[in-house]
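Listed below, chain by chain, are the residues.
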Amino acid sequence: MSKVLITIFGATGDLAKRKLYPSLYRLYKSGVLEEDFAVIGTARRPWTKEMYEDVVLESISSLVENEEDAKTFASHFYYQAHDVNDSEHYETLRELSNELGEKYDTDHNKVFFLAMAPEFFGTIASHLKSEHITDGKGYERLIIEKPFGTSLATAEKLNDDLSKAFSEDQIYRIDHYLGKEMIQNIFAIRFTNFVFEKIWNRDFIDNIQITFAESIGVEDRGGYYDHSGALKDMVQNHILQVLSLLAMDKPKTYHSKDILAEKIKALQSIKIPSTEEVKEDFVRGQYVENDFNGQHFVSYRDESQVDPESTTETFASGAFFVNNGRFNDVPFFFRTGKRMTEKGTRINIVFKKEDSIFGPDQKLQQNVLTIYIQPTEGFSFLMNGKEVGKDFNIGEIKLDFRHDAAILGNSPEAYEKLIYDVLKGDGSNFTHWDELKASWTLIDKIVDVWSKNEVPLYDYKAGTMGPKASFDLLEKYDTEWNWTPDEWYKERNL
Ligand SMILES: NC(=O)C1=CN([C@@H]2O[C@H](COP(=O)(O)OP(=O)(O)OC[C@H]3O[C@@H](n4cnc5c(N)ncnc54)[C@H](OP(=O)(O)O)[C@@H]3O)[C@@H](O)[C@H]2O)C=CC1
Ligand SMILES: O=C1O[C@H](COP(=O)(O)O)[C@@H](O)[C@H](O)[C@H]1O
């Protein structure tokens, strides 16, 4: 289906091996990529085509059912040793690009995937243009990875550099959360269900809770993470993107232009907190050593490549407010962190309390719609009903749906879906520059207050759901986190 030449910068790296080659293979297996495609992998290592094919085969090995088929797939991969700072290398790249374009009849269509550190993005983009690797004869699309800057100023600089060579509609900024099945499902939940669409507003919703908890620590990424922290690593991008999908107004159509327009409006409507509000409504924490689930976990400051006196937050929590009419005064609580109790990515939509006619003995549960993103995928709806028996007692009922394992086994990976979207030219699930601008403006404000160290950096024990201050925050708004794993209570002997 897709005639295309894909050039991967950073072809020897972790992202390419773990995510890109398996995703391309799945696209090949499903017929999206057929005979008319080729891939050029570039990086500095002096690999040969044979070595590169072996790496590709190794990275797809768990997906392969037919060895011959896998070999045919790998034969479409070509390697060119290339230092992105060296202009001469782009001449060789252009020649290879032209040769493969002809050989595989790719109609001059080109996708460039920059799976490298962002400091190289500007150089690569400008060389692609100046060395005429982009020639305007077919479509030309640039996929770039996060992080997109480390502040509004650095993001603006990066965007200016890219804009000299590629227009906004040619740039696909990946946020892999937008490729997740249940995140894309938010559109379906909101805009196909009469009952939800009609009550998706401040008159019916009490608060929204976004939890992106991770049980892993910083692993081998201490060097990067210590300069980033939870706010920039997860909130600036994934959490704010998801928030925009929850808060936006209904787009006119399910087309990228209309969807992006509404997402941008939602992000621009988030209230920039004052200094006092940052101090009151946002919590930061750092994990400290603990024995949990039969394992010993070291403190963040003792992790490899982390400054032993680091003040980087490994946990962030807070309340955003979206002043878009639909959601004025409704808190959007979020929390995310490393070394939390368990991996759990979910959204809770907490509806308002119903006035009770049943007297003080009957406790009514607020309705909660939960969207499970990871590790299971599905929805649940919490409601009230009569308990079975002679007396009239109200009890909690949970309608619970999870995708079954067989379907999930066949469902596309986030990167597969996102690359597929790029091949179709569909930018709906990518981040527009105006969204980045709005999110960095917001994050810069929080960073500014936190960096003055007038706000506590709370400790939390590895294996817990973050510092108590994050629970106190919701109490202040007369609510509580709807989801608290049992282990959290055990940890506190409650
Ligand atoms: N890994 C992941 O899961 C994720 C990664 N990302 C982002 O993706 C990008 C890549 O990450 P990752 O794959 O982990 O990084 P790696 O460090 O594993 O890979 C970096 C790649 O860049 C190449 N490279 C470095 N310097 C040069 C140069 N001067 N010229 C040419 N090639 C060069 C390296 O190859 P060589 O040494 O052979 O030159 C290598 O292929 C980063 O922006 C990261 O933030 C985002 C989300 C998840
Ligand atoms: O972007 C990132 O995301 C991962 C979490 O992604 P998930 O798909 O496993 O939920 C996070 O571990 C990493 O620190 C961050 O850079």
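Scroll up to find the structure this text is about.
All chains use their own residue numbering, which begins from 1 and follows the written sequence. Chains and ligands are labelled sequentially in the order written, the chains with letters from A and the ligands with numbers from 1. At least 70 in pLDDT is required for a residue's local features to be given in this predicted model, at least 80 for side-chain atom pairs to be given and counted, and no such filter applies to totals for whole chains, interfaces and linings, which use all residues. As a rule here, side-chain values cover all heavy atoms of the structure and leave hydrogens and water aside.

A.B. asks: I keep staring at the site of ligand 1 and nothing clicks. Help me out?
C.D. replies: Definition of nearness: a residue and a molecule or strand are near each other if at least one heavy atom of the residue lies within 4 Å of the molecule or strand. Inspection of the region around ligand 1 gives 23 residues, with Thr 12, Asp 14, Arg 18, Arg 44 and Arg 45 positioned closest. Counting of polar contacts relies on pairs of N or O atoms within 3.5 Å, with two restrictions inside protein: one atom must be capable of donating a hydrogen and the other of accepting it, and residues adjacent in sequence are counted only when both atoms are side-chain atoms. Taking Thr 12, its side chain carries an N or O atom lying 2.7 Å from an oxygen atom of ligand 1. Contacts to ligand 1 include Lys 146, whose backbone N or O atom sits 3.0 Å from an oxygen atom. For ligand 1, the protein covers 77% of the area, taking 890 Å² as the surface of the free molecule. Methods summary: accessible areas were calculated by the Shrake-Rupley approach with a probe of 1.4 Å, and residue burial reflects only the protein chains presented.

A.B. asks: I tried to follow the packing of aromatic side chains on my own but got confused; where do I start?
C.D. replies: Ring pairs shown here join Phe, Tyr and Trp side chains whose ring centres sit within 6.5 Å, with only the six-membered ring taken for Trp; geometry is labelled stacked below 30 degrees between planes, edge-to-face above 60, and tilted in between. Applying the stated criterion to the full structure yields 34 aromatic pairs. Over the ring of Tyr 139 we find Arg 141; its NZ or CZ atom is 3.6 Å from the centre of that ring. Criterion for a charge above a ring: Lys NZ or Arg CZ within 6 Å of the ring centre, and within 35 degrees of the ring normal. A cation over a ring is seen here: Lys 180 above Tyr 177, with NZ or CZ 4.6 Å from the ring centre.

A.B. asks: What's the story with the site of ligand 2 in this structure? I'm lost.
C.D. replies: Neighbouring ligand 2 are the residues Lys 146, His 176, Tyr 177, Lys 180, Glu 214, Arg 221, Asp 233, Met 234, His 238, Lys 338, Lys 343 and Gln 374. His 176 has a polar side-chain atom sitting 2.9 Å from an oxygen atom of ligand 2. For ligand 2, an oxygen atom lies 2.4 Å from a polar atom in the side chain of Tyr 177. Ranked by residues supplied to the shell around ligand 2, first place goes to helix α10 (residues 230–247) with 3 residues. Just so you know the grouping, Ala, Val, Leu, Ile, Met, Phe, Trp, Tyr, Cys and Pro go in nonpolar, Asp, Glu, Lys and Arg go in charged, and all remaining residues, Gly too, go in polar. Among the residues forming the shell around ligand 2, the class breakdown is 2 nonpolar, 3 polar and 7 charged. For helices the rule is a DSSP run of H or I covering at least 4 residues; for strands it is a run of E covering at least 2, with both sets numbered from the N terminus onward.

A.B. asks: How should the pattern of salt bridges be read in this particular structure?
C.D. replies: A side chain with one charge can pair with a side chain of the opposite charge if their charged atoms come near. Note on definitions: salt bridges are taken to be side-chain nitrogens of Lys or Arg within 4 Å of carboxyl oxygens of Asp or Glu. One pass over the structure, following the stated rule, counts 26 salt bridges. The salt bridge partner of Lys 3 is Asp 105, with a shortest N-O separation of 3.0 Å. In this pair, Lys 3 is assigned in the segment before β1 (4–9) and Asp 105 in the loop between α4 (87–103) and β4 (110–114), connecting sequence segments 102 residues apart. Partly exposed residues are those whose accessible area sits between 20% and 50% of the maximum for their type, while under 20% is buried and over 50% is exposed, using a 1.4 Å probe and protein chains only. The class of Lys 3 is partly exposed, set by a relative accessible area of 24%. We classify Asp 105 as partly exposed; its relative accessible area is 42%. Glu 53 is the salt-bridge partner of Lys 49, the closest N and O atoms lying 2.7 Å from each other. On the criterion of helical spacing, the pair formed by Lys 49 and Glu 53 is a turn pair, its members being 4 residues apart in helix α2 (residues 49–59). According to the relative accessible area criterion, Glu 53 is buried, its value standing at 19%. Linked through salt bridges whose partners overlap, the residues forming this network are Lys 3, Asp 36 and Asp 105.

A.B. asks: Would you explain the sheet that holds β4 in this entry?
C.D. replies: Through backbone hydrogen bonds, the strands of a sheet pair up, either in parallel or in antiparallel fashion. Strands are treated as partners if at least two bridges between them are detected by DSSP. Across the sheet, which stays open at both edges, the 6 strands sit in the order β3-β2-β1-β4-β5-β6 with parallel pairing between neighbours. Pairing within the sheet leaves two strands with one partner each, and these edge strands are β3 (77–81) and β6 (171–173). Going from strand to strand, the sheet's axes swing by 20° on average, the running direction of each strand aside. Alignment of strand β2 (residues 37–43) against β3, held across 5 bridges, turns out to be parallel. Pairing of Val 39 across the sheet is with Phe 77, part of β3. Axis lines are fitted through C-alpha atoms, for helices just across the contact stretch, and the angle between N-to-C directions can take any value from 0 to 180 degrees.

A.B. asks: Please explain the nonpolar core as it appears in this structure.
C.D. replies: Taken as a class, soluble globular proteins show a tendency for nonpolar side chains to be buried jointly. Ranked by size, the top nonpolar core spans 105 residues in total, and within it Phe 9, Leu 246 and Phe 320 carry the most contacts. Among the elements that take part in this core, α10 stands out by supplying 11 residues, more than any other. Any pair of residues with heavy atoms lying within 4.5 Å of one another is described as a contacting pair. With near-sequence residues (within four places) excluded, Phe 320 lies in contact with Val 235, Leu 240, Leu 243, Ile 270, Phe 282, Val 330, Pro 331, Phe 332, Phe 334, Leu 442 and Ile 446. Of all hydrophobic cores here, the second largest spans 40 residues; its members include Leu 24, Leu 33, Ala 43 and Phe 430. Residues belong to a common nonpolar core when they are buried Ala, Val, Leu, Ile, Met, Phe, Trp, Tyr or Cys residues joined through side-chain atoms within 4.5 Å.

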